[in-house]
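# Examination of the molecular architecture
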Amino acid sequence: MEQNRMLEVKDIRKAFDGQEVLRGVNLTVNRGDVIAIIGPSGSGKTTLLRCLNFLEKAEAGTMTFDGQLYRFGHVGRREMAGLRRRTGFVFQNYNLFANKTALQNVTEGLIVARKIPKEQAERTGREALDKVGLSDRYDYYPSQLSGGQQQRVAIARAVAADPEIIFFDEPTSALDPELTGEVLAVMRRLAQEGRTMLVVTHEMGFARNASNRVIFMENGVVVEEAPSADFFEHPKEERTREFLRMLH
């Protein structure tokens, strides 16, 4: 399994104003894994994801990404930039440029950060938008798109960079229920293609049917982790059972 391992996090810790939000979390992601991270609000799920992409600075712990060791709290800007180039991040609130079209939103990072020639970037961008079902929306601005379409542009932007892993931070929580389905359908397709994904989500259907592993967090620690079917059918921890009961 070692050679299949993409990401390993050991004992990651993070506090805000003296309040520990991550209290020694361990995590392993293998190539092709789709891992759903679930748990009540305030359990540290989003903070964990943001620390893995250096959007937040963890104070302690280590991360090994594709064989390279990063010590949280001692990571330089160049290392951060290098890691971000190999990962994608899909935010809760899309984070699109309001003054750029769907296609420009997707190509901006390719042209500016990766120095890819414009023509090639646009070809990649169109392919990415086609993949998320927006081949008729290249020239639309965010204000002309529904929330679900905007989130699909954000996913296309992440996919266009061909990252080794994509982090999703509650990608449907800002959407109406009928728009949630179209975003989850795109994510399911990515999962079927073998994309490696780490998904913080409240969508239990996705966690059960599209992920291969589920991590349940509360109070900054991992309470339980298991293959998805086992997690939902035979949860081991009483706290997990209680959480799942509350959802029904």
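Throughout what follows, the structure given in this document is the object of discussion. None of the values given here were measured: they were computed from a predicted structure.

### As for the pairing of strand β6 (residues 87–90)
Alternating residues of β6 divide into Thr87 and Phe89 and Gly88 and Val90, and every residue in both groups is buried. As judged from the four bridges shared by β6 and strand β7 (residues 165–169), these two strands associate in the parallel manner. Counted as the bridge partner of Gly88 is Ile166 from β7.

### With respect to helix α4 (residues 118–131)
Over its 14 residues, α4 extends 20 Å from the first C-alpha to the last, a length consistent with the 20 Å expected when each residue adds 1.5 Å. Restricting attention to buried positions, one finds in α4 the residues Ala121, Gly125, Ala128 and Leu129. Seen from one end, α4 has its buried residues packed into an arc of 95°, which puts them on one side. The exposed set on the far side of α4, more than 90 degrees from its buried face, consists of Glu119 and Glu127.

### Some words on the sheet that holds strand β1 (residues 5–16)
A sheet is described by the order of its strands in space; here four strands give the open sequence β2-β1-β4-β5, paired in antiparallel fashion. Lying at the two open borders of the sheet, with one neighbouring strand each, are β2 (19–30) and β5 (68–71). Each neighbouring strand pair of the sheet contributes to a mean axis angle of 15°, computed without reference to strand direction. One ladder, built from nine bridges, connects β1 with β2; its direction is antiparallel. Bridge pairing in β2 links Lys14 to Leu22. Of the strands in this sheet, β1, β2 and β4 (60–65) are in contact with helix α1 (residues 45–52), which crosses β1 at around 120°. Where helix α2 (residues 77–85) meets the sheet, it contacts β4 and β5, and its direction lies at approximately 125° from that of β5.

### Quick look at the packing of aromatic side chains
Geometrically, a pair of aromatic rings is defined through the distance of the ring centres and the angle of the planes. One pass over the structure, following the stated rule, counts six aromatic pairs. Between Phe89 and Phe91, the aromatic rings sit 4.6 Å apart at their centres with planes inclined by 40°, giving tilted as the arrangement. There is no split in this pair, since Phe89 and Phe91 are both buried. Taken together, the ring pairs connect Phe54, Tyr70 and Phe72 into an aromatic cluster. A cation sits over an aromatic face here: Lys100 above Phe97, 5.9 Å from the ring centre. Lying over the aromatic face of Tyr140, Arg137 brings its terminal NZ or CZ to 4.6 Å of the ring centre.

### Things to note about unusual backbone geometry
Positive phi, close to 55°, is recorded for Asp11, a residue that is not glycine. Its place among the elements puts Asp11 in strand β1. Non-glycine residue Phe54 carries a positive phi angle of around 60°. Tracing the sequence through the fold places Phe54 in the loop between α1 and β4. For Phe54, a relative accessible area of 9% corresponds to the buried category.

What counts, and at which threshold
- Residues numbered from 1 in each chain as written.
- Predicted model: local features only at pLDDT ≥ 70, side-chain atom pairs only at ≥ 80, totals over all residues.
- Heavy atoms only, no water.
- Buried < 20%, exposed > 50% of the residue type's maximum accessible area, 1.4 Å probe, protein only.
- Helix = DSSP H or I, 4+ residues; strand = E, 2+ residues; numbered from the N terminus.
- Pairing = 2+ DSSP bridges.
- Expected span 1.5 Å × (residues − 1).
- Arc of directions from axis to C-beta.
- Axes fitted to C-alpha atoms, helices over the stretch in contact; angles between N-to-C directions.
- Contact = heavy atoms within 4.5 Å.
- Phe/Tyr/Trp six-rings, centres within 6.5 Å; stacked < 30°, edge-to-face > 60°.
- Lys NZ or Arg CZ within 6 Å of the ring centre and 35° of its normal.

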